[in-house]
Amino acid sequence: MTTDIAQVRADARDRAPHPPPSVPRRFGRVLRPGAGRQHHAGPLAYLLLGFAALVSLSPLYWTMVAASTDNTRVSQTPPPFLPGPNLFTNLATAWQDAAMGRAMVNSLIVAGVIALSTVFFATLAGFAFAKLRFRGRNLLLMLVIGTMLVPPQLGVVPLFMMMADLGWGQSLPSVIFPTLVSAVGVFFMRQYLKEALPDELIEAGRLDGAHSLRIFWSIVLPIARPPMAVLFMITFVHAWNDFFWPFIALDMTNPTVPVALTQLSAGYVRDQSVIMAGALLGTLPLLAMFLVFGRQIVGGIMQGAVKG
């Protein structure tokens, strides 16, 4: 009798509906079935990505094609679509006529100092605006953002007079000093640190007796590395390509790369192939830097997106 009752209970358990499986949760939200699976790109995605890469690389390819031909071939219709045999000859001509060696050294100094100072000061100011409490914080932030609305052309004359009074005329400090920090960088770092830096970490540092600079060095900087890498890259490229203020502040004996390229078009007859060769020379350092540090920069962007 006992065996029959146990068999009946076992049969009843087998016929009973099974409870639904537990639904996974992440950050307090219920995930849909299959939400954690890795999705693979289809043929259409690869086609669109390939087209976008082709459009992005086409100006660089055309620059290389134009730099490898002569001036007559570049001006023909239709233009050439394949590289020619004069690439190294045109590169050597552009290097000599535009003094590209000195210009690249100057651009490296200017862009490197501006990028490093912008990253440091923007991170420091962004931390202060995001997490520190002091009088006039919102007013100062509005003033910083308000400077973005002022066209830089309006301050050229007083800025030039200021550099002359300091004795920095026609020298690299006249280009570096006015752009040691940018309002865009301050606002960018402030928005990141406001979301990514927990207040509990700052309070824990205060309880351990750390002052604000110690907290900034030991807590803020490790968290802010992803946006700092992105800001460094953007600032470096912008400073390297800047033409307006260096053209006013420097002369042709001590130029940056964009200023030196104007030497190639100063004659009555412009050799477009040599001009394109100079532009290619000015682009190579940026390409080399991205090839070396591209993975770290992209990783910083992705890490910053996850933390944000």
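Along each chain, the written sequence defines residue order, and numbers are assigned to residues from 1. Totals for whole chains, interfaces and linings use all residues, but because this is a predicted model, local features are given only for residues with pLDDT of at least 70 and pairs of side-chain atoms are given and counted only at 80 or more. Hydrogens are left out, water is left out, and the side-chain values use all remaining heavy atoms of the structure.

**Let's talk about the pattern of salt bridges**
For this analysis, a salt bridge means a side-chain nitrogen from Lys or Arg found within 4 Å of a carboxyl oxygen belonging to Asp or Glu. A complete count under the given rule lists 1 salt bridge for this structure. When the shortest N-O distance is used, the salt bridge between Lys131 and Asp199 registers 2.9 Å. Taken together, the positions of Lys131 in helix α5 (residues 100–131) and Asp199 in helix α10 (residues 199–207) put the pair 68 residues apart, joining distant regions of the chain. Exposure is judged per residue with a 1.4 Å probe applied to protein chains only, and the accessible area is read against the type maximum: over 50% gives exposed, under 20% gives buried, and values in between give partly exposed. The class for Asp199 is partly exposed, based on a relative accessible area of 37%. The numbering of helices and of strands both runs from the N terminus, where a helix is a DSSP run of H or I of at least 4 residues and a strand a run of E of at least 2.

**Structural notes on the layout of surface pockets**
One number sums up the size of the largest pocket: a volume of about 1100 Å³. Every residue lining the largest pocket is counted, 32 residues in all, and those nearest its centre are Pro152, Pro178, Thr179, Ser182 and His238. At the level of secondary structure, the elements contributing two or more residues to the lining of the largest pocket comprise α5, α7 (156–165), α9 (183–196), α12 (225–241) and α13 (244–249). Ranked by residues supplied to the lining of the largest pocket, first place goes to α12 with 6 residues. Considering only residue class, the lining of the largest pocket consists of 23 nonpolar, 8 polar and 1 charged. In this analysis a 1.4 Å probe is tested at points of a 1 Å grid over the protein atoms alone, and where it fits but cannot get out there is a cavity; an open set with protein on both sides within 12 Å along at least five of seven lines is a pocket; lining residues have an atom within 4 Å of a point. Grid points are joined across faces, edges and corners, and a volume is the space filled by probe spheres set on the points. Only Asp, Glu, Lys and Arg are considered charged, only Ala, Val, Leu, Ile, Met, Phe, Trp, Tyr, Cys and Pro nonpolar, and every remaining residue, Gly among them, polar.

**With respect to the packing of aromatic side chains**
In this analysis, rings of Phe, Tyr and Trp, with Trp reduced to its six-membered ring, are considered paired at centre separations within 6.5 Å, and the interplanar angle assigns stacked below 30 degrees, edge-to-face beyond 60, and tilted for intermediate values. For the structure on display, the rule yields 8 aromatic pairs. When the ring of Phe120 is compared with that of Phe216, the centres are 6.2 Å apart and the planes differ by 80 degrees; the resulting orientation is edge-to-face. In this pair, Phe120 sits in helix α5 while Phe216 sits in helix α11 (residues 212–223), placing the two residues 96 residues apart along the sequence. Residue classification places Phe120 among the partly exposed residues on the basis of a relative accessible area of 39%. An aromatic cluster is defined as three or more aromatic residues linked by ring pairs; in this entry it consists of Phe120, Phe121, Phe127 and Phe216.

**Things to note about empty space enclosed by the protein**
Scanning all chains against the criterion turns up 1 cavity of 30 Å³ or more. Roughly 40 Å³ of internal volume is contained in the largest cavity. What lines the largest cavity is simply Ser107, Val110, Ala239, Trp240, Asp242, Pro246, Thr256 and Pro258. Secondary structure elements with two or more residues in the lining of the largest cavity: α5 and α12. The residue makeup of the lining of the largest cavity, split by class, is 5 nonpolar, 2 polar and 1 charged.

**Concerning the packing of α9 against α12**
The angle between two axes is taken between their N-to-C directions and runs from 0 to 180 degrees, where each axis is a line fitted to C-alpha atoms and a helix contributes only its stretch in contact. Contact geometry of α9 with α12 gives a least axis separation of 10 Å together with a crossing angle of 160 degrees. Taken together, the axis directions place α9 and α12 in an arrangement best described as roughly antiparallel. For the element pair α9 and α12, the recorded crossing hand is right-handed. Facing α9, whose interface residues are Gly185, Phe188, Met189 and Tyr192, α12 presents Pro226, Pro227, Met228 and Leu231. Taken together, the residues of the contact of α9 with α12 break down into 7 nonpolar, 1 polar and no charged. With respect to orientation, any angle under 35 degrees is reported as roughly parallel, any angle over 145 as roughly antiparallel, any angle of 65 to 115 as roughly perpendicular, and every other angle as oblique. In this scheme, a crossing is called left-handed if the near helix is turned counterclockwise away from the far one by less than a right angle; it is called right-handed if the turn is clockwise. Whether two residues are in contact is decided by their heavy atoms: any pair within 4.5 Å suffices.

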